[in-house]
Each structure stands twice: as structure tokens, then as C-alpha cells.
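The chain contents come next:
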Protein chains: 4
Amino acid sequence: MEKKLMPHWVELDSGRAFSIKHRVRYADTDRMDVVYHGSYVPMLEAARVETLREIGWVYSEMEQNGIMLPVIDLNLKYHKPAKYDQILSVESHIVSTPTAKIHFKFYIKHESELLVSADVVLAFVDSATGRARRAPAELISALEKAKLIHG
Amino acid sequence: MEKKLMPHWVELDSGRAFSIKHRVRYADTDRMDVVYHGSYVPMLEAARVETLREIGWVYSEMEQNGIMLPVIDLNLKYHKPAKYDQILSVESHIVSTPTAKIHFKFYIKHESELLVSADVVLAFVDSATGRARRAPAELISALEKAKLIHG
Amino acid sequence: MEKKLMPHWVELDSGRAFSIKHRVRYADTDRMDVVYHGSYVPMLEAARVETLREIGWVYSEMEQNGIMLPVIDLNLKYHKPAKYDQILSVESHIVSTPTAKIHFKFYIKHESELLVSADVVLAFVDSATGRARRAPAELISALEKAKLIHG
Amino acid sequence: MEKKLMPHWVELDSGRAFSIKHRVRYADTDRMDVVYHGSYVPMLEAARVETLREIGWVYSEMEQNGIMLPVIDLNLKYHKPAKYDQILSVESHIVSTPTAKIHFKFYIKHESELLVSADVVLAFVDSATGRARRAPAELISALEKAKLIHG
């Protein structure tokens, strides 16, 4: 695999972000010859799952341990279009210390150019009761240790 | 709703087909300004579910009654491209009397022009055991009565 | 087609909204047995295109006349999950008189229950120059006449 | 990136196949807690584009050089379901020497288990005239040299 497709950490003044890559396919595009505005949503899903996996939180295991994490708020701002066959990077970090919610911030870039910025808020839910619960303390520690929490 | 969007029966020499409509959206298209070849798959799903509903077989109820119907073979042949905002008709019939499998045939048309033809084979599975089972006799009767089975 | 699937106008104290229907398919769902959070995006696209068509503005014709309308901001708030085979209604109205942007508000409901609320902002762009332009005066008139603009 | 996610060549008695990886996301799944049958289509697209790229044929450049390659026949056979968070490998090879068409064969596996087998036929089309044309001789040479053509 080309090195430019490897996920990696990005060092920032405010902390660190984790960056994954996505090669734009025909399936992602629409008739305007750009990425369809809805096609970014699964990229954001992959970005947050891989960011958590990188710090030791496997989403599927968290579910097996009785915690679900549904999306409750999704916002995307489209600055520039992405094009077919471009390699997009999706950089993830966390906006504030998780409570009963976790707020991800994403920057989708082509090379150094910002194309889309996104905010996704998810809620911690106890699978057994269906009720809201607080973020696991170990997750908060892991996010802090990885310097992933910044505004 | 415009009349041309209404689902309806189509009389054929060999029996009848049930036709549903789909208006092509940006989400369905790709950068070649045509419908992406994978975007037809959910249209076929809707066509067979609505055809069964029309003759009294509600797929979600069949599931509640312990029968699942996974797709085991999917074939699409692409004759002409579909374009944005076209109203496509998806005509469904059954190729032969269901056994442990049911074989749907689909013709996707724009006006009278054939764009895509498709064959989808699904297997009857007992949810409790996960094993293959025969098609319910009442379903076969309903398909015959509706003249939906033809080659 | 069952009456409950027909698009129709909804009378409100603040004006009117246009409501289209979507039957939830397997393709829309995810492994939590609910509609995937990204699957609502094409429903919103269909809702705004059909709302504009209803008042005489065919999106594809507007494009042919040199006006594009890309999405620049998308926000969805998820209140309750939607389930397989439910008929969802997607109600559309406009939040304020369009300028160089048009701001749609959507309420996605199952029966009378609100599942998702969404805001989508699109920009009027001149296809020839790629530059922002103002909303056509005739479109604003048509929206006002249809009582679609309300906060 | 974990080594298991790296694309790589697979040596076979009959030649070689190129294998790419796909981590199953929520977006790919449906309410039966398995990958939706239509979700494999974009994986096949990525597999053939990356296989061609690996031997020096960049699909987007081929288009710029006036050759399009639309899908004309798609067949998938579903042997076993894929599950959330599994790493799927998609192995690609070519069934016979390309003429005016190219016939890809794909095996989608989880670990060593075959889940889906697929055949996809694409047609070489001259963009300028819209007419069928023969496969470029250099592409055939590259496929032969890479031992990608086998039955």
C-alpha cells in the first residue's frame, strides 16, 4: 500500500488528531462529478471507529460490553468539492471531555486543502436498559492520554 | 402524486407483472451523469417487497412468522444508462414455481425502453433453525392466483 | 398505491409544508435494526426536489437554465429511531426568504411522532461562472405564494 | 495501519490475484446484522480499480485518454454472510484475455472462508464516439505480465 494511504497521527498545537484515508470511488460521486454530500457520512463513521480502535477502544467490543453509541447530532459544512480518485484524509479529534455524550470534530482534506468540516455527537446508552449513561472513565483516560481532546 | 408514479399491474401474454416507480435522485447517480450500477440493487429490493405486499405477503410479517428470505444470487445486465430525474419503472415477476428458492425477474425501464434486466434468487430459511425450508404453500397459491409466475 | 403513500400539503399555523413518503427498506437499515443515520440524507434530497417540483420548479430544468444548488450545510438531529417497513413522512418548508442561499427545514415522522429534524442550506451558483448568485425572484414568489416560507 | 489491512498479491496455481481489504462498517450492514447484499458492489469497484492501478493502469487516466469502462454485467453469489467489523479481503483476477470486454472474477473472503463470489463484465467504450472498442494492447500485456488472466 502506498504510504500516503496509511492512517497516522497528526500533531497540532492543541493536541493530536488521528487521520485515516479514503480513496474516492465512482460509488461516492454524483452527476456533478463531485462527491455526493451524503457520501461523507460513512467516512466519518470509519474515522471515529478507527480513532477509537487506535487507542484501544474497539467499538464492537464496547457493544458486547453493553454500551451503545448512537449518533444524535450530525453537522457537515461543505467548503470545496472532492473529486473522483482523490485520496481524502479524515482527521478526527474530540471537542470536549465526554459526559453522557461524546463530540467528535472531523476535518476532511485533500492534500492540505480543507473540503468538509463536521461535528458528530453520539450518546452513551446502556444496552440493557436503553437509558443514557456516562462515558466509561477508562475511555476518558485513554482519550486524554492520546491528547485527542481539544476544542 | 402524479399518476405516472403510481404502482400498477402490467398485463403480458405470459401472465402479469407488478410495476413500481422510482424517480432518479442525485444520490443514485455517479460522475458519468448516469445511475451508478450499484444503485439499482435497492430498487429491486423495493420492487419485490411491494410485489409481495400487493398479493398479501408482507415481508416483515413473514419474518415475524419465522421465515427469512436472504438473497443468494443477484444478476444485473445493463443495456442502457438511466439519467437524473427520470421516472424508472421496475417490473417484477417470478420465473418458476418457488421451491426452497424463489427466482424473481425484473425489467427496469424508462418509458418503454428497457435499461436493465435482473434476476434475483432468494432462499427460504427457517429463522429458528437457520436451515433451508420450502416456500409456504399459501405463497405459491397467491403467486399463481395473481398470474405472477411465468418464465 | 395506498393513500398513505401519497405526497400532500400539511397546513400549519405558520404556513404550509409539503410532505412526501418513504417506505423503509433493508437497504436503509443497519445492524441495530434501525435506519442508519446516513440513510436519511437521500430522503431529504427527494423531499426538497419534490417540494420545488410541486410549486413548478423542476430542479433539472433550473440546472439547464444555468443555476446549480449545491448543499453547503447539513444538520440532522436524531430524536427516535425509524424501523424497517415503516412509512416515514418527510415534511419540508423554508426557514426564511432565500437570498444567495436557501434554508430548508425538514421533519421526518412516523405517524405523528417526530424521529428526525434537519436543516439543509444550499447556495445558488451560476453554472457558467461558478460564482454565487441571488435566488431567482420567480422562485421567491412561488415559495411565498405556496406559503412555504416560515420560521 | 495493521499489516492485515495491506493490499497484496496472492499466488495461485493458475496465476496471481490482487487482494484488497475492507473493514465492515455500520453503513454496510442491514437489520439482519449482516452486510447488505448491495453493499458489496462498491467493494468490487474498489477491488478492480486498485488491481488495475497496481499494474500501472490508473482508471481516471484511462478516462482522460478517451476510454470508458462501464459495467455491463454483474453477478454475485452469496455463500455466507459477512459481519460488522470483520476485515474482508476482495481478491481480483481476470477470467480471459480482454477483447472488447474485460471479465473480472472476485472472491470476497473473511480469513480463509469464502463469503461471496462475483463476476463483473465491463465494456471498453470510446468516449468520443460512444462506440465499443478493443482493449488497449498495452493493458493486455500488463495483465499477462502480472499473471492476472486465468480462468
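In case you missed it, the structure is sitting above this.
Everything in this summary refers to the structure shown in the same document. (Residues numbered from 1 in each chain as written. Chains lettered and ligands numbered in written order. Predicted model: local features only at pLDDT ≥ 70, side-chain atom pairs only at ≥ 80, totals over all residues. Heavy atoms only, no water.)

Details of the sheet that holds strand β4 (residues 71–78) of chain B
For step 1, the next point in the chain: The antiparallel open sheet is built from 12 strands, whose spatial order is β1(B)-β2(B)-β5(B)-β6(B)-β7(B)-β4(B)-β4(D)-β7(D)-β6(D)-β5(D)-β2(D)-β1(D). Two strands lie at the open edges of the sheet, namely β1 (8–12) of chain B together with β1 (8–12) of chain D, each paired on one side alone. Neighbour to neighbour, the strand axes of the sheet diverge by 25 degrees on average, direction disregarded. (Pairing = 2+ DSSP bridges. Helix = DSSP H or I, 4+ residues; strand = E, 2+ residues; numbered from the N terminus. Axes fitted to C-alpha atoms, helices over the stretch in contact; angles between N-to-C directions.)

Details of the interface of chain C and chain D
For step 1, the next point in the chain: Contact residues are listed per partner, giving nine residues for chain C and nine residues for chain D.
For step 2, the next point in the chain: Interface area for chain C against chain D, summed over the two sides, is near 1,000 Å², with a carbon-plus-sulfur share of 59%.
For step 3, the next point in the chain: Counting the surface chain C buries against chain D, the share from its top three residues, Tyr26, Arg31 and Tyr36 of chain C, is 61%.
For step 4, the next point in the chain: Here chain C and chain D share two salt bridges between them.
For step 5, the next point in the chain: Here chain C and chain D share eight residue pairs in polar contact (both at pLDDT 80 or more) between them.
For step 6, the next point in the chain: Taken together, the residues of the side of chain C that touches chain D sort by class into five nonpolar, one polar and three charged. (Contact = heavy atoms within 4.5 Å. Buried area = accessible area lost by both parts, 1.4 Å probe. Salt bridge = Lys/Arg side-chain N within 4 Å of Asp/Glu carboxyl O. Polar contact = N/O pair within 3.5 Å; in protein donor to acceptor, adjacent residues only side chain to side chain. Nonpolar A, V, L, I, M, F, W, Y, C, P; charged D, E, K, R; others polar.)

Quick word on the pattern of salt bridges
For step 1, the next point in the chain: Under the counting rule described, the total for this entry stands at 51 salt bridges over all chains.
For step 2, the next point in the chain: Glu50 of chain A is the salt-bridge partner of Arg23 of chain D, the closest N and O atoms lying 3.9 Å from each other. Taken together, the positions of Arg23 of chain D in strand β2 (residues 15–23) and Glu50 of chain A in helix α1 (residues 40–54) put the pair across two chains. Each member of the pair Arg23 of chain D and Glu50 of chain A is classed as buried. (Buried < 20%, exposed > 50% of the residue type's maximum accessible area, 1.4 Å probe, protein only.)

Side note on the pairing of strand β5 (residues 87–94) of chain B
All names here are of chain B.
For step 1, the next point in the chain: In terms of burial, β5 is a largely internal element, eight of the eight residues being buried.
For step 2, the next point in the chain: Side chains Ile87, Ser89, Glu91 and His93 of β5 all project onto a buried face; the interleaved residues Leu88, Val90, Ser92 and Ile94 project onto the opposite face, where all are buried too.
For step 3, the next point in the chain: Alignment of β5 against strand β6 (residues 101–110), held across seven bridges, turns out to be antiparallel. When the bridges of β6 are listed, Glu91 appears paired with Tyr107.

A short note on unusual backbone geometry
For step 1, the next point in the chain: The phi dihedral of Glu111 of chain B is positive, around 50 degrees, even though this residue is not glycine.
For step 2, the next point in the chain: Along the chain, the position of Glu111 of chain B falls in the loop between β6 and β7 (113–123).
For step 3, the next point in the chain: Judged by relative accessible area, Glu111 of chain B falls into the exposed class, the value being 67%.
For step 4, the next point in the chain: We note that Lys147 of chain D has phi near 60 degrees; this positive angle belongs to a residue other than glycine.
For step 5, the next point in the chain: Along the chain, Lys147 of chain D falls in the segment after α3 (137–145).

A look at the relation of the copies chain C and chain D
For step 1, the next point in the chain: Mapping chain C onto chain D calls for a screw motion: a turn of 180 degrees about the axis and a shift of 0.0 Å along it, with 0.0 Å RMSD after fitting. Expressed as a symmetry operation, the mapping of one chain copy onto the other fits a two-fold axis.
For step 2, the next point in the chain: A share of 100% of interface residues in chain C that are also interface residues in chain D marks the association as one of identical surfaces. (Least-squares fit on C-alpha atoms with pLDDT ≥ 70 in both.)

Observations regarding the interface of chain C and chain A
For step 1, the next point in the chain: Contact with chain C, which involves 19 residues of that partner, is made by 19 residues of chain A.
For step 2, the next point in the chain: Ranking the residues of chain C by area buried against chain A places His37, Leu74 and Tyr78 of chain C at the top, with a combined share of 28%.
For step 3, the next point in the chain: At the junction of chain C with chain A, the criterion picks out four salt bridges.
For step 4, the next point in the chain: Across the pair Lys77 of chain C and Asp73 of chain A runs a salt bridge whose closest N-O atoms are separated by 2.8 Å.
For step 5, the next point in the chain: For the pair chain C and chain A, the interface holds 14 residue pairs in polar contact (both at pLDDT 80 or more).
For step 6, the next point in the chain: Elements that contribute at least two residues to the side of chain C that touches chain A include exactly α1 (40–54) and β4 (71–78) of chain C.
For step 7, the next point in the chain: No other element matches the eight residues that β4 of chain C contributes to the side of chain C that touches chain A.
For step 8, the next point in the chain: In this sheet, β4 of chain C lies alongside strand β4 (residues 71–78) of chain A in antiparallel orientation, the contact comprising five bridges. Along β4 of chain C, the bridge assignment pairs Leu76 of chain A with Leu74 of chain C.

Purely spatial values, then, with no claim about function.
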